[in-house]
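Spelled out, the chains give:
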Amino acid sequence: NTKIAFDTCLTSFDTGAIQNEPTMVHVSEEQQRIAEDGDLDPLLRLLKHPHDAVREKAAYAINSLQVDDGEVMIRNPTGVISLTQLALDEDPEVSAKAVWSLAILTSTEENQEEVIRHLGWGNLLQLVRESAVEVQCGAVTLVGNLAVTPTLKRKLLDIGGHQTLSKLMASTRDIIVKRAVIAAFSNIIDSDNSIDVVDDELLAQLLGLLQSADDDRVLSGVVYTLSQIANAEDESMNEAIARRGLKRLIRLLDSHDSVIAKAAAMTINGLTTGEAHETQKRVMLEGGADGLFDLLEESQDDNEMVLAIVMTINNLSQNDVLVSGLKSRGVVDLLTETFKNSKDSNVKNECAEALKSIVPDRVQHLQGWSKGRRAQRSETLSLRDGIKDNVRKIIQVLISDLNNQDRLRNSGVIPHLLTLLVDENRDAELKGLALDAITMMCINNSSSQAAVTDGDDPTGLDLVIKLIIDPEVSPFVQTRAVRTLGALCWNNKMVQNLILEKDNIVPFLVSLIDTYDDALKRIALTTVAAAVDDNAPSQRVVQKCGGDHKLVNNLKREQEPDLMVAAASAALCALVKGNVPAQETCAKAVPSLVFLLERSVKQKAGSFVQEHLASALLELSRNNKSASAMLHRLHAVHTLVTVLQAPESSGTLLYSAVAIVWELSKNDKKRIDLVQNKDLAASLQELSSSPDPLTRDAANKLLQRLAP
């Protein structure tokens, strides 16, 4: 899904709201509106680029857009050529926005042939191989979109594109790129081609990720891809999957994420099809039958899930050795009830066939179920699905433009969303969607924040906090509730103070920093940052709970994913701001911060990560002598010069790097070393004419201080 993938990468480059400023190349309001309707925000941002050539090509591309049957098309070759030229631009920020625009356009199949004809497979795979992370992610998503069309998928496989993706999946440490690669493979690999596409190395990677992945999106993509391989019914591959992955797949039947659970059931179905008697026995021995039965009872509303499960039960029922074990677990009543409730002929046939093997005399009695009950279930399901669709539409409107927050709030959306968070709603997916929508409504919007926190008890804030601390709530919902709390706290001192009074929620957030769930940990770190930013009472509570030590320890685990590093750095930076006791503890993180900053620059991890690392170092160097001394001992200036010389460094990152050197220059003894550093002088000289006024002024000020 291109839109979801783009959403995960928003933090990798500038996501500021589109401004309606004049541009040197004319683009009519109608064409801008077409681009907005097509979710082409990255392309619209290029209209504000400082270089004329970039703005001109972006304008050509936007002027080439047209709407056909509700879909945004790019018809004029000049526009496609302009956009592909921008995709190949040496500036990674320009390239990223252009590649993402192509990815968004190719989510419509009619644009795919035109885009790849002008971009070329060779250029596209080169972007996948050698680009900055944000470009790689867009390029991989573009590959995955093209693979939806059978002729383009065949061409991609003929030139070895799947091998390029396999190598990237093995080498990348970036979780967002890994998500994109897995999503692309889920489009590329199917039960018809898996024998030709999946070699031993790729299968080993997928099985390794099955065991180790702690990111739900990566895991769901891996399990879905394995289901495609398993349903090709290749004996050797299925034996390998069963040998290395069956236990994990059975555990995933109990996943909080219904997508993962469904894919696990589909995979186990493929593995147990036909004469796979040993695998069928292992499913029973490992508790797989119980997991399938529990999932079937919980998932009667999901027809695809039900079908995958009853097909697997049918596979098991064909093995005479297992029939008595199935009967003793109550499968007969469960299959009978499923038969009665289902309207799907495939489900009914699978249930009947399984029952025929287990209790042959039971099948003739299956026709007398209550049509009234069936109609009632259908009506309830239809209503719930309608609400989910409406919430998804709200989220899409906000993703396309956060300026829609006020319009939606004024239409009374927030109270309706809050009603979906109450205990009576036991649909985890619906609660998660409601929380996502509330989060987006509240990002940097004090009026929306107030609409959630004000009102009669229980307020929206109370409902969100209950979803965080209630042990009965699924991790899926809890993670989203923590993120919503972060959006409520951000730049809002009133909410920061309110949560100090609420059921020890701040200590609970601090405890989540040690959770094994990486997604929850990362969101908890971000929310802690929002809760303590410029708030001394909250900082003291976090420190009293040992939060400062936890943050230092997290940064010392130097193999954490980049987004986790960014979140921990942001939390540390917010905690030490004006907090002397915390500064003393957090100064111990300086060596790790320097190491991580240097590594992220070398690996081109993206300015987003580097900005948070540099901000944390800057805050410590301003206020803590031991931190400054440690920076001198670590020769951190060398790392900072590398940052200043890196062409992809953002203005914020450059300013922080210059400001850190300024703080170091306050030590008269160490200033001599800085004066003699020719690389530093050259970098500052170049920045003295920077288009960014903050960076330019800081560089000139430092040059004056370091003048011989």
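On a predicted model such as this, the values are computed, not experimentally measured, just so you know. (Residues numbered from 1 in each chain as written. Predicted model: local features only at pLDDT ≥ 70, side-chain atom pairs only at ≥ 80, totals over all residues. Heavy atoms only, no water.)

## Here's the deal with the confidence of the model for the chain
Any region with low pLDDT has predicted coordinates that should not be read closely.
So, point 1. Summarising the model, the chain shows a mean pLDDT of 85, and 92% of its residues fall at 70 or more.
So, point 2. Every residue in residues 1-23 is under pLDDT 50, and counting partners more than four places away or in other chains gives 50 contacts.
So, point 3. Throughout residues 368-381 the model reports pLDDT below 50, and contacts reaching past four residues in sequence, or to other chains, amount to 15 contacts. (pLDDT = per-residue confidence, 0-100. Contact = heavy atoms within 4.5 Å.)

## Section: unusual backbone geometry
So, point 1. Of note in this structure, D39 is not a glycine but carries a positive phi near 60 degrees.
So, point 2. Position of D39 relative to the elements: it lies in the loop between α2 (29-37) and α3 (41-45).
So, point 3. At E233, a residue that is not glycine, the phi angle is positive and equals roughly 60 degrees.
So, point 4. For E233, the location among the structural elements is in the loop between α15 (216-230) and α16 (235-252). (Helix = DSSP H or I, 4+ residues; strand = E, 2+ residues; numbered from the N terminus.)

## What to know about helix α29 (residues 460-469)
So, point 1. Counting buried residues along α29, seven of its ten residues qualify, which places the element largely inside the surrounding structure.
So, point 2. Considered for burial, the residues of α29 that qualify are G460, L461, L463, V464, I465, L467 and I468.
So, point 3. Looking at the buried positions of α29, the neighbouring elements they touch are α26 (413-419), α27 (428-442), α28 (446-453), α30 (475-489), α31 (493-500) and α32 (505-511). (Buried < 20%, exposed > 50% of the residue type's maximum accessible area, 1.4 Å probe, protein only.)

## Some remarks on the pattern of salt bridges
So, point 1. Tallied over the full model, the rule gives 20 salt bridges.
So, point 2. For D190, the salt bridge identified is with K153, shortest N-O distance 2.8 Å. Taken as a pair, D190 in the loop between α12 (175-188) and α13 (194-197) and K153 in helix α10 (residues 150-158) lie far apart in primary sequence, 37 residues in all. Take D190 and K153: they sit in the same class, and that class is buried.
So, point 3. Note that D215 is salt-bridged to R179, the shortest N-O span being 2.6 Å. Within this pair, whereas D215 is found in the loop between α14 (200-212) and α15, its partner R179 is found in helix α12, the two being separated by 36 residues in sequence. In terms of burial, D215 and R179 fall into one category: buried.
So, point 4. Beyond isolated ion pairs, a larger network of salt bridges with shared partners links K388, D389, R392 and E429. (Salt bridge = Lys/Arg side-chain N within 4 Å of Asp/Glu carboxyl O.)

## Focus: the environment of N553
So, point 1. By secondary structure assignment, the location of N553 is in helix α35 (residues 547-556).
So, point 2. Judged by its relative accessible area of 40%, N553 is partly exposed.
So, point 3. With 39 residues separating them in the primary sequence, N553 and S592 have C-alpha atoms 9.6 Å apart.

## Quick look at the packing of aromatic side chains
So, point 1. This structure, assessed with the given rule, holds zero aromatic pairs.
So, point 2. Positioned over the ring face of F339 is K348, at 4.4 Å from the centre of the ring.
So, point 3. Its end group placed over the ring of W662, K701 keeps NZ or CZ at 4.4 Å from the ring centre. (Phe/Tyr/Trp six-rings, centres within 6.5 Å; stacked < 30°, edge-to-face > 60°. Lys NZ or Arg CZ within 6 Å of the ring centre and 35° of its normal.)

## Comments concerning the packing of helix α4 (residues 52-63) against helix α5 (residues 77-87)
So, point 1. The geometry of α4 relative to α5 is characterised by a closest axis approach of 7 Å and an angle of 140 degrees between their N-to-C directions. Here α4 lies oblique to α5, going by the angle between them. Along this stretch, α4 crosses α5, giving a crossing that reads as left-handed. Contact with α4, carried on its side by V54, K57, A58, Y60 and A61, involves T78, G79, S82, L83, Q85 and L86 of α5 and no other residues of that element.
So, point 2. Grouping the constituent residues of the contact of α4 with α5 by class yields six nonpolar, four polar and one charged. (Axes fitted to C-alpha atoms, helices over the stretch in contact; angles between N-to-C directions. Parallel < 35°, antiparallel > 145°, perpendicular 65-115°, else oblique. Left-handed = near helix turned anticlockwise from the far one by under 90°. Nonpolar A, V, L, I, M, F, W, Y, C, P; charged D, E, K, R; others polar.)

## Looking at helix α44 (residues 678-687)
Two residues of an α-helix separated by three or four positions point the same way, owing to the 3.6 residues in each turn.
So, point 1. L680, S683, L684 and L687 are the residues of α44 that are buried. Each buried residue of α44 sits inside an arc of 95 degrees when the element is viewed along its axis, so together they form one side. Projecting away from the buried face of α44 at angles above 90 degrees are the exposed residues K678 and E686.
So, point 2. Residues of α44 that are buried sit in contact with α41 (636-645), α42 (651-664), α43 (668-675) and α45 (693-705). (Arc of directions from axis to C-beta.)

## Side note on the side chain of S688
So, point 1. With respect to the helices and strands, the residue S688 is situated in the loop between α44 and α45.
So, point 2. Taking relative accessible area as the criterion, S688 reaches 14% and is therefore assigned buried.
So, point 3. A distance of 2.5 Å separates a polar atom in the side chain of S688 from the backbone oxygen of Q685.
So, point 4. Ignoring sequence-local partners within four residues, the contact set of S688 consists of R696, A699, N700 and L703. (Polar contact = N/O pair within 3.5 Å; in protein donor to acceptor, adjacent residues only side chain to side chain.)

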